[in-house]
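So you can see what is in the structure, the chains are spelled out below.
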Amino acid sequence: MGNISAIVICAVLVVIAVIAVKSYAKKLTSGCCGAGGDVPKRIKVTDRDIQQYPYTTMLHVDDMTCKNLSGVWKMP
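Residues numbered from 1 in each chain as written. Predicted model: local features only at pLDDT ≥ 70, side-chain atom pairs only at ≥ 80, totals over all residues. Heavy atoms only, no water.

### Concerning the overall build of the protein
- A tally of regular secondary structure across the protein gives one helix and two strands.
- Going from the N terminus to the C terminus, the protein shows its helices and strands as α-β-β.
- Every one of the 76 residues in the protein was classed for burial, and the buried ones make up 1%.
- As presented, the protein carries roughly 8000 Å² of accessible surface, and 66% of it is formed by carbon and sulfur atoms. (Helix = DSSP H or I, 4+ residues; strand = E, 2+ residues; numbered from the N terminus. Buried < 20%, exposed > 50% of the residue type's maximum accessible area, 1.4 Å probe, protein only. Areas by Shrake-Rupley, 256 points an atom, 1.4 Å probe, with all protein chains shown as cover.)

### A short note on a nonpolar patch on the surface
- Nonpolar side chains collect at one region of the surface, where Ile4, Val8, Ile9, Val12, Leu13 and Ile16 lie side by side and expose about 580 Å² of accessible area between them.
- Residue placement: Ile9 occurs in helix α1 (residues 2-30). (Patch = residues over 30% accessible without salt bridge, like charges linked within 9 Å, V, L, I, M, F, W, Y side chains within 5 Å. Salt bridge = Lys/Arg side-chain N within 4 Å of Asp/Glu carboxyl O.)

### Some remarks on the confidence of the model for the protein
- Residues of the protein with pLDDT of at least 70 account for 70%, and the chain-wide mean is 78.
- Within the protein, no element has a lower average pLDDT than strand β2 (residues 72-73), which sits at 54, and none a higher one than α1, at 90. (pLDDT = per-residue confidence, 0-100.)

### A look at α1
- When the terminal C-alpha atoms of α1 are compared, their 42 Å separation across 29 residues agrees well with the 42 Å that a helix rising 1.5 Å per residue should span.
- Of all 29 residues that make up α1, one are buried, and the element is exposed over most of its length. (Expected span 1.5 Å × (residues − 1).)

If you want it as structure tokens, here you go:
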């Protein structure tokens, strides 16, 4: 009877180990908490006539900082 319970306990431990390895491998490929790894699908533009798009937008970003660089980058 003791031999069967040892086999069952070992089988449960093996299942837990397999689940843990799969979870760890997923975190290595896609990042923590599922953030990242998703590649947005590119949409091909079929209408390239600029005359049909009269509006433009200029975006200026001021005071960009980066933790790997010392100082603040200022856009002209």
